[in-house]
Amino acid sequence: MADLTPIPLPVLVNRMFRELAAKKSAFHLPRFKFAKAAAGRDMSTSIFGRRAATPFGPAAGPHTQLAQNIVLSWLAGGRVIELKTVQVLDHLEIGRPCIDMETVGFNIEWSQELSLEQSLTEYVKAAMLIEMAKAEGLAPGLEDTVIDMSVGYDLAGIRTDKVRAFIAGMKDAGAVIDRLRRQIPDAYARFRDLAYPTCISDSVTVSTFHGCPPGEIEAIAAHLMAEEGLDVVVKLNPTLLGKADLNALLHDRLGYTDLVVPDATFDKDAKWQDVRAIVSRLGDLADRIGRGFGVKFSNTLLVHNHKPFFPAGTGEMYLSGPPLHVLAIELVGRFRAEFGDRFPISFSAGIDVGNFADTVALGLKPVSVCTDLLKGAGYGKGADYVADLADRMAEVEATDLDTYALKAFGLAGAALDDLEMPAGRKAALSAAIETGEDLRAAAGSDFGPWVSAARLRNTLHYAARVRDDRRYSRPEVDHPPRRTGVPLALLDCETCGKCVNVCPNDAIFRYPLPQQPVVAATLRPGADVAVGEAQPVTRAQQIGIFADACNRCGNCDVTCPETGGPFARKANLFGSPASLDGAPDRDGIAIEKTATGLRLHVRDEGRRLTINDDGARLACKGDGFDLSIDPAAPETACGVAGRPLDVGRLILIARIARAVTAPTIVTYANAAFD
Ligand code: SF4
Ligand code: SF4
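Definitions and cut-offs
Residues numbered from 1 in each chain as written. Chains lettered and ligands numbered in written order. Predicted model: local features only at pLDDT ≥ 70, side-chain atom pairs only at ≥ 80, totals over all residues. Heavy atoms only, no water. Pairing = 2+ DSSP bridges. Helix = DSSP H or I, 4+ residues; strand = E, 2+ residues; numbered from the N terminus. Axes fitted to C-alpha atoms, helices over the stretch in contact; angles between N-to-C directions. Contact = heavy atoms within 4.5 Å. Near = heavy atom within 4 Å. 1 Å grid on protein atoms, 1.4 Å probe; cavity = no way out; pocket = protein on both sides within 12 Å on 5 of 7 lines; lining within 4 Å. Sits in = over half its atoms within 2 Å of the grid points. Nonpolar A, V, L, I, M, F, W, Y, C, P; charged D, E, K, R; others polar. Phe/Tyr/Trp six-rings, centres within 6.5 Å; stacked < 30°, edge-to-face > 60°. Buried < 20%, exposed > 50% of the residue type's maximum accessible area, 1.4 Å probe, protein only. Lys NZ or Arg CZ within 6 Å of the ring centre and 35° of its normal. Parallel < 35°, antiparallel > 145°, perpendicular 65-115°, else oblique. Left-handed = near helix turned anticlockwise from the far one by under 90°. Salt bridge = Lys/Arg side-chain N within 4 Å of Asp/Glu carboxyl O. Points joined across faces, edges and corners; volume = space filled by probe spheres on them.

Participant: How should the sheet that holds strand S22 (residues 588–593) be read in this particular structure?
Facilitator: Two orientations exist for strands paired in a sheet by backbone hydrogen bonds: parallel and antiparallel. Spatially, 9 strands are ordered S17-S20-S21-S22-S23-S24-S25-S26-S27 in an open sheet, and the strand pairing comes out mixed. Either end of the sheet is taken by a strand with one partner, and the two such strands are strand S17 (508–512) and strand S27 (638–641). Strand-to-strand, the axes of this sheet are offset by a mean angle of 25°, without reference to chain direction. Where strand S24 (residues 607–613) meets strand S25 (residues 618–622), 5 bridges bridge the pair, whose relative direction is antiparallel. Across the sheet, residue Asp613 finds its bridge partner in S25, namely Leu618. Lying over the sheet, helix H24 (residues 647–660) contacts S17, strand S21 (571–574), S22, strand S23 (598–604), S24, S25 and strand S26 (625–629), oriented at roughly 125° with respect to S23.

Below is the structure:
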């Protein structure tokens, strides 16, 4: 079974809006980190004629798999949401861990881990939550959002009924929306009648396997445009650079001599001449049938696995992060040398807050992010991207992104040299630059070609700069997170919160646990309870994992200074007894509210048991035992125990359950309560 269990819409709605009211945050993102519009700066871009309020967005990947991830991306400023790739094989076994962000960024991820049907529902839930957020005024002036599908990986799969049904459902989600809107809790009935757009998406990015034949790529894109009526972007591989040029950059210039691209990858991947021909033909087809067509740089780079992080036997992994930025920008330069500004280019490769605004200045759209959001402040960085773009626009007095492209690198004057226009006209526009006139108004019908010329100039300028920028080189990047070597335990740790920020699924949460010591008490058959020395609880805040949303990607483990992995060592909370049953290799608790208190369904050290907590006593039942325990007096535990029992552990489990459902905090556990 998949590790992920989608969180029902009512729970998400309760969680999001209760948290906003109680904590001024949503899914752990503080409200002050929500992206904000900047007065006088229009950061919007057009994606095949659809307006997106910013060119920023989460790349197809771990941030766009579950509804809460997508909403977090949106609150952080993402207005072009690239959904995680779906495919006909929708019951995948992914190796775990699958994300290694120790330095540059490696993964062995693939497509959606949910079924196609679940993915459709998940994406519709996300779109509805975004509409609710807009209705609540959470991002005034930044409402316009574009959601882009991603499908893979071959034509036969894309033509199957189930993939076609997914696409049809995304184009017209009316039935799913009507089913879901009835589930919105009474407390938020105001959202039931919102005019949710029924078209979630009618554009798609094509993702193909490394080594996909060029003819197959073309056939998929043509099918999606002509048969499905979608605007299409084709994602291209960095191996397009060719072995010699790629290695010259990756090894010689950037110093990543440990990263080796298998020769077979260069042999199998599409070559430049293939892509040139495909793009020309697909562009012509798009023009003929009135669809949009573009390309994306870039796919990840397939390299030999030279690290012990991924499961044994993992021979290859996918590179992302800083070095990929240099490679992908190089490709943008080559592509534009060939095609000029004819085709829109979507970009995702090693984007961070330090290069986002520069990359936008090339006219790339969207500019999407994955690796950087898996590090440090995670989603909390998003607003900085948007704010930095607004600041850069302000610096050059640009009120929109086209004018920003003209002015960002000071190349508007040089770009005039690339245009065929009378000398007097050029002189007038040069003067307009000098005097700070509104360039759009001054250029009139020449504005579009001028912006295109500036984008090409900016591309050459930026590619040259990036090639020589040491910040992308191995010595600058090769700094693993700090490790203390202290083993993580169920309770207490540095409580640094790093894991909370980097989890793409919002699966990690803090909870306050009263600092009473943990009771040590053991009951052996035929003996009295033996009470030992209680262990102190040293931290006021503890860390918990919402297991339904945790796919054991491993990213929190890489970030955590202590060893063992938060997802494996901290208390795992399941959304229901069914999801607890569905993860038999994982200890944890599913909590139900009863008329008198809480009922806990528990797996502890692989054994199932239940605890009924009426607020005074714990009724604990399991394999060979049936006990009544007064948590305040463990020595009085009574009942049947056919094997040695850790009474202190049962009391601690009940304490944790009370803590994570306390009315003073908001978690997925108590968001499920009415
Ligand atoms: S589990 Fe690790 S990363 Fe998370 S708060 Fe504790 S020490 Fe920090
Ligand atoms: S809790 Fe850790 S392992 Fe689980 S999804 Fe989040 S980052 Fe990945």
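Participant: Got a minute to help me understand the site of ligand 1 in this structure?
Facilitator: Close to ligand 1 lie Leu488, Cys493, Glu494, Thr495, Cys496, Gly497, Cys499, Ile543, Cys560, Pro561 and Pro566, which account for all nearby residues. Comparing atom positions with the cavity grids shows ligand 1 to sit within the second largest cavity. Tallied by class, the residues present in the shell around ligand 1 amount to 8 nonpolar, 2 polar and 1 charged.

Participant: Would you explain the packing of aromatic side chains in this entry?
Facilitator: Two measures describe an aromatic ring pair: the distance that separates the ring centres and the angle between the ring planes. Evaluation of the coordinates by the stated rule reveals 18 aromatic pairs. Aromatic side chains Phe56 and Phe356 sit 5.5 Å apart centroid to centroid with 80° between the ring planes, which places their arrangement in the edge-to-face category. Residue Phe56 is found in strand S5 (residues 56–58), and its partner Phe356 is found in helix H12 (residues 356–360); the two are separated by 300 residues along the sequence. Across the pair, exposure class does not vary: Phe56 and Phe356 are buried alike. Taken together, the aromatic side chains of Phe293, Phe297, Phe335, Phe339 and Phe343 make up a single cluster linked through ring pairs. Here the guanidinium or amino end of Arg15 rests over the ring plane of Tyr668, the centre of that ring lying 4.5 Å away.

Participant: I would appreciate a short explanation of the side chain of Thr559 in the present structure.
Facilitator: As for its placement among the helices and strands, Thr559 is situated in helix H21 (residues 555–559). Among all residues touching Thr559, those that are not within four sequence positions of it are Pro481, Lys498 and Val502.

Participant: What exactly am I supposed to notice about the packing of helix H10 (residues 272–289) against helix H11 (residues 322–339) here?
Facilitator: How two helices pack is summed up by the angle between their axes together with the distance between the axes. As a packed pair, H10 and H11 sit with axes 12 Å apart at the nearest point and diverge in direction by 55°. Viewed along their axes, H10 and H11 adopt a mutual orientation that is oblique. H10 and H11 meet at a crossing whose hand is right-handed. Listed contacts from H11 to Trp272, Arg276, Val279 and Ser280 of H10 are Leu331, Arg334, Phe335, Glu338 and Phe339. Split by residue class, the contact of H10 with H11 holds 5 nonpolar, 1 polar and 3 charged.

Participant: What should I look at first to understand the pattern of salt bridges in this one?
Facilitator: Applying the stated criterion to the full structure yields 52 salt bridges. Ionic pairing is found between Asp3 and Arg96, a salt bridge with its closest N-O pair at 3.6 Å. With a gap of 93 residues between them, Asp3 in the segment before helix H1 (9–23) and Arg96 in the loop between strand S6 (80–82) and strand S7 (99–100) connect regions that are remote in the sequence. Under the relative-accessibility criterion, Arg96 is labelled partly exposed at 22%. With a closest N to O distance of 2.8 Å, Arg50 and Asp231 form a salt bridge. Of the two residues, Arg50 is situated in strand S4 (residues 50–52) and Asp231 in strand S11 (residues 231–236); the sequence distance between them amounts to 181 residues. The class for Asp231 is buried, based on a relative accessible area of 4%. Connected via shared salt-bridge partners are Asp3, Lys84, Arg96, Glu109, Glu113, Arg552 and Asp585.

Participant: Would you mind showing me how to read the site of ligand 2 here?
Facilitator: Around ligand 2, the structure places Cys503, Asn505, Ile508, Cys550, Asn551, Arg552, Cys553, Gly554, Asn555, Cys556 and Phe567. Grouping the amino acids of the shell around ligand 2 by side-chain chemistry returns 6 nonpolar, 4 polar and 1 charged.

Participant: What is the right way to read empty space enclosed by the protein from this model?
Facilitator: Summary: where empty space remains is shown by rolling a probe the size of a single water molecule over the atoms. A complete count under the given rule lists 6 cavities of 30 Å³ or more for this structure. Size it by volume and the largest cavity reaches roughly 120 Å³. Residue lining of the largest cavity: 15 residues in total, with Ile47, Phe48, Val233, Ser346 and Pro366 positioned closest to the centre. Of all the secondary-structure elements, those providing two or more residues to the lining of the largest cavity are strand S3 (45–47), S6, strand S9 (146–151) and strand S10 (203–206).

Participant: Is there a simple way to explain the sheet that holds strand S18 (residues 521–523) in this structure?
Facilitator: An order of S19-S18-S28 is seen for the 3 strands of this open sheet, with the pairing classed as antiparallel. Each having just a single partner strand, strand S19 (529–531) and strand S28 (645–646) make up the two edges of the open sheet. Strand direction decides the pairing type here: S18 and S19, joined by 3 bridges, are antiparallel. Residue pairing across strands places Thr522 opposite Ala530, the latter belonging to S19.

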